[in-house]
Amino acid sequence: MKKIFLFLSLFASLFVFAQNEQLAINYFDKGEFEKAIISFDELLKNQQGNSFYFQKIIESYQQLQQYDQADKRLQERYAKYKQPSLLVEIGYNYQLQKDAGKAKKFYEQAISKINENPSNVYAVANTFEKKVLLEYALESYNLAIKLEPKFKFNYQMAVIYGQLGKMDLMIDTFLEEAYSNQNNTIMIQNQLSRFMTEEAEETFNTALRKALLVRAQKNQDIFWNQFLSWFFVQQKDYAKAFIQEKAIYRRDPESFSNIVNLAELAMEENEEETAKEIFAFVLENTQDLDLQIRAHYFLMESKIQKAPEKEYPAIKSELDLLVKKYGISPYTLSLQILQAHFATFNLKNPEEGKAVLKRALELPLNKYQTADVKMELADILLYEEKFNQALIYYSQIEEDLKNDAVGHEASLKAAKTSYFKTDFEWALKQFKELKSASTQLIANDALELFLLINDNTVADSTQVGLKKFARGDYLLYQNKNKEALEQFQSILKEYKGQEIEDETLLRIGETYEKLGDYNAALAQYQGIIDNHKDGIYIDEALYFSAEIYNKKLKDTDKAKALYEQILFNHEDSIYFVEARKKFRQLRGDTNL
């Protein structure tokens, strides 16, 4: 019983103590510094060595401009504990009073304590950094290293060089640290990447690239090839990253997975030629079946996206041969799903697609593989206008993979299904939730469709035009591009000058692009640029036009002018970063 009573008493006293500490912090945060001093002083009586409480008392005095009181407390504490960091605090108290001479005197005394014991550098330099006295912090680190060469402060010093704007020193020091302590490489790369995304990135990127190349030439360690590969990936220059990855592979043939990852990155960024070159290299050099299957999958997917209809029979034969070669198993699931998708959306044979997937569901699959198959099966049911059956599968995936990217994708597709079947009220609720999704692509798609439904419901309460628009989108989903084009053209004719006009122009332009009629696509986008400058699709029209001129028509001057319009007039656009990168490439910047 006594033990229980003792425990309860101890617990109660700890609870009260925690409450008192929070009260003191609240006083300080709210600017009630007199009360904060009293509260922290009470706490300090029970924990005299607590530096946090003491520091808050000093800062409260300084906020009240009671510098004499702060100095008195600091001097008393230094006399008692002899902590070198307190000399920095005393000096800083004089600096707040604009007494630079006395401040310098105490800063130098603090640094002199490192001469007495190099280990004092940890407290002294850290306090200088907290007070943003960066040159003194550097002096402290350099002195400690001189006195005790085994001390390493490269990381801390590099951060300070960056804060001081001494970029060359920062780069050299970070790279020295990365090579010496390779476990810190990712942390250092994260620091460097912060500077690579700044407006001043051009000079910085050039300096970093030069420093890496110099080290790679002087030292043949593959560490520098790996670092260069990372650098080029940050710049989205996948071709140059591939050169480095090949150099790594020649000396370390076990490093193949990085090459495949690089190819997939290039594919995601629409750098298809580079991706094909990398995948071809993979197929030539690996016996790993998983890597071979991944390479074949991405090469076939790329081929399908670009192939005219006359090439479909040859592609079907190639896909069938690949599945036969590698066998029907969980390892070839990606190829089986691609086979089903091609049969449905390109060959217009959904029954064959469903048969492939139902066979796949009989395999021993994990929950993510099962979700992939069900997702494709739902997509095919949606293609067949079996909306409710498709929704059942999407809902199963949502339920099985809650708070997962795949689950969110299923939610988006379920919302699109409601949109296609013109259940706009339900679709709007779903898109509203999804527009704040953590996955950017899902959030962007959800936001676009949310605005489409919301704006056109306000403009036309009968939703007749919106229903026709949804039908056009559904025809696009079915890969019936010519029928979709006719649908959107009829909407444009019937609703010219109304709310729905600009998004209809955008869809017609996108459809012409799919059909390979780039001049017709440009004409639609120009209609938005000329007549809907204040609309929400102006940045898409500019960017899509720039992409056509850049990639398809090879008219770099026109492309550059359009990218530039995004940079000057649409800084909040989701295309801003890519437009800036491509504008700089076309301008001839060599440091990208």
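(A) View of the overall build of the protein. Counting secondary structure elements, the protein contains 32 helices and 0 strands. Whereas a compact globule of 592 residues would reach a radius of gyration of roughly 25 Å, the protein reaches 32 Å, over 25% beyond that. Counting only C-alpha atoms and orienting by the principal axes, one finds that the protein spans roughly 90 × 65 × 60 Å. When each of the 592 residues of the protein is scored for burial, the buried share is 49%. Within the protein, residue pairs in contact and separated by at least 24 positions form 51% of the contacts whose partners lie at least 6 positions apart. When the accessible area of the protein is evaluated, it comes to approximately 31000 Å², of which 50% is carbon and sulfur surface. Mean positive and mean negative side-chain charge positions of the protein (74 and 89 charges, respectively) differ by 4 Å.

(B) Quick look at the pattern of salt bridges. Tallied over the entire structure, the rule returns 34 salt bridges. Note that Lys240 is salt-bridged to Asp237, the shortest N-O span being 3.5 Å. Connected through salt bridges with shared partners, the residues Lys236, Glu269, Glu547, Lys551, Glu578 and Lys582 form a single ionic network.

(C) Layout of the nonpolar core. Judged by nonpolar contacts, the single largest core of 102 residues is most densely connected at Phe128, Leu175, Leu192, Leu208 and Phe227. When residues in this core are grouped by element, the largest group, 8 residues, is from helix α13 (residues 222-234). Dropping the residues within four chain positions of it, Leu208 is found in contact with Ile171, Leu175, Leu192, Met196, Trp230 and Phe231. Membership of the second largest hydrophobic core comes to 70 residues, among which are Ala390, Ile397, Leu485 and Phe544.

(D) Representation of the side chain of Glu503. Turning to its location among the elements, Glu503 is positioned in helix α28 (residues 501-514). Here Glu503 is buried and forms no salt bridge, its nearest opposite-charge partner Arg507 lying at an N-O distance of 8.1 Å. A distance of 2.6 Å separates polar atoms of two side chains, one belonging to Glu503 and the other to Asn456.

(E) Quick peek at the packing of aromatic side chains. Inspection of every chain in the model, using the stated rule, returns 41 aromatic pairs. Members of the aromatic cluster, joined through ring pairs, are Phe345, Tyr383, Phe387, Tyr419, Phe420, Phe424, Tyr474 and Tyr477. Lys435 extends its terminal NZ or CZ atom over the ring of Phe450, reaching a point 5.1 Å from the ring centre. Sitting over the face of the ring of Tyr383, Lys480 holds its NZ or CZ atom 6.0 Å from the ring centroid.

(F) Looking closely at the environment of Ala70. Tracing the backbone shows Ala70 in helix α4 (residues 67-81). The spacing of Ala70 and Asn93 is 23 residues in sequence and 7.4 Å in space, taken between C-alpha atoms. Not counting residues up to four positions away in its chain, the partners in contact with Ala70 are Ile58, Tyr61, Gln62 and Asn93.

(G) Region of the structure containing the environment of Glu486. Residue position: Glu486 is located in helix α27 (residues 481-494). Here the alpha-carbon distance between Glu486 and Ala579, two residues 93 residues apart in the chain, equals 31 Å.

(H) Structural view of the packing of helix α22 (residues 387-400) against helix α23 (residues 405-420). The geometry of α22 relative to α23 is characterised by a closest axis approach of 8 Å and an angle of 160° between their N-to-C directions. Compared by their axis directions, α22 and α23 come out roughly antiparallel. Considering only the axes of α22 and α23, their crossing is left-handed. Facing Phe387, Leu391, Tyr394, Ile397 and Glu398 of α22, the residues of α23 in contact are Val406, Gly407, Ala410, Ser411, Lys413, Ala414, Thr417 and Phe420. Of the residues belonging to the contact of α22 with α23, the class tally is 8 nonpolar, 3 polar and 2 charged.

(I) Molecular detail of unusual backbone geometry. With phi around 60°, Lys236 is a residue other than glycine that occupies positive phi space. With respect to the helices, strands and loops of the structure, Lys236 is situated in the loop between α13 and α14 (238-251). For Lys236, a relative accessible area of 26% translates into the label partly exposed. For Asn403, which is not a glycine, the phi torsion comes out positive at approximately 60°. Note on placement: Asn403 falls in the loop between α22 and α23.

(J) Structural view of helix α30 (residues 538-552). With 15 residues, α30 ought to run about 21 Å at 1.5 Å a step, and its terminal C-alpha atoms sit 21 Å apart, in line with that. With respect to burial, α30 is a largely interior element, 13 of its 15 residues being buried. Two residues or fewer after α30 comes Lys554, characterised by a positive phi angle close to 55°.

(K) Representation of helix α10 (residues 167-180) in the model. The end-to-end C-alpha separation of α10 is 20 Å, in line with the 20 Å expected for 14 residues at 1.5 Å each. Residues of α10 that are buried include every one of Met170, Ile171, Thr173, Phe174, Leu175, Glu177 and Ala178, and no others.

(L) Structural view of the side chain of His296. Residue placement: His296 occurs in helix α17 (residues 289-306). On the accessibility criterion, His296 (17% relative accessible area) is buried. For His296, the contacting residues outside a window of four places in its chain are Leu283, Leu322, Tyr326 and Leu335.

(M) Fine view of the confidence of the model for the protein. Looking at the protein, pLDDT values average 92 and 95% of them are 70 or higher. The least confident element of the protein is helix α1 (residues 2-29), whose mean pLDDT is 63; the most confident is helix α19 (residues 333-345), at 98. Long-range and interchain partners of residues 5-17, a stretch whose pLDDT sits below 50, account for 4 contacts in this model, where long-range means more than four residues apart.

(N) Focus on the environment of Ser545. By the element assignment, Ser545 lies in helix α30. With 22 residues separating them along the chain, Ser545 and Ala523 place their C-alpha atoms 9.2 Å apart. When sequence neighbours within four positions are dropped, the list of residues in contact with Ser545 reads Leu522, Tyr525, Ile529 and Leu562.

About the cut-offs
Every chain is numbered independently, its residues counted from 1 as its sequence is written. Residue-level local features of this predicted model are given only where pLDDT is at least 70; pairs of side-chain atoms are given and counted only at 80 or more, and the full residue set underlies all totals for whole chains, interfaces and linings. Just so you know, side-chain values use all the structure's heavy atoms and leave hydrogens and water out. Per the convention used, a helix needs a DSSP run of H or I reaching at least four residues, while a strand needs a run of E reaching at least two, with both numbered from the N terminus. A radius of gyration in this sense is built from C-alpha atoms; the matching globule rule multiplies 2.2 Å by the number of residues raised to 0.38. When a residue's accessible area, from a 1.4 Å probe over protein chains only, is under 20% of the maximum for its type it is buried; when over 50% it is exposed; and in between it is partly exposed. We call two residues in contact when some of their heavy atoms are within 4.5 Å. Working definition of accessibility: Shrake-Rupley area with a 1.4 Å probe, residue cover restricted to the visible protein chains. We count Lys and Arg on the positive side and Asp and Glu on the negative side, and we leave His and both chain ends out. Charge positions come from single atoms, namely NZ of Lys, CZ of Arg, CG of Asp or CD of Glu. Here a salt bridge means any side-chain nitrogen of Lys or Arg lying within 4 Å of a carboxyl oxygen belonging to Asp or Glu. Residues belong to a common nonpolar core when they are buried Ala, Val, Leu, Ile, Met, Phe, Trp, Tyr or Cys residues joined through side-chain atoms within 4.5 Å. In protein, a polar contact means a hydrogen-donor-capable atom and an acceptor-capable atom, both N or O and within 3.5 Å, with residues adjacent in sequence counting only if both atoms are side-chain atoms; elsewhere, any N or O pair within 3.5 Å suffices. Any two of the Phe, Tyr and Trp rings considered here, Trp counted by its six-membered ring, make a pair once their centres fall within 6.5 Å; the pair's planes then place it as stacked at under 30 degrees, edge-to-face at over 60, or tilted in between. Ring-over charges, as used throughout, are those where CZ of Arg or NZ of Lys falls within 6 Å of the ring centre and within 35 degrees of the ring normal. To define axes, lines are fitted to C-alpha atoms, for helices over the stretch in contact only, and angles between the resulting N-to-C directions are given on a 0 to 180 degree scale. Working rule for angles: under 35 degrees goes down as roughly parallel, over 145 as roughly antiparallel, 65 to 115 as roughly perpendicular, anything else as oblique. Rotating anticlockwise by less than a right angle from the far helix to the near helix defines a left-handed crossing, while the corresponding clockwise rotation defines a right-handed one. Amino acid classes used here: Ala, Val, Leu, Ile, Met, Phe, Trp, Tyr, Cys and Pro are nonpolar; Asp, Glu, Lys and Arg are charged; the rest, including Gly, are polar. One less than the number of residues in a helix, times 1.5 Å, gives the span that helix is expected to have. pLDDT expresses how confident the predictor is about each individual residue, on a scale running from 0 to 100.

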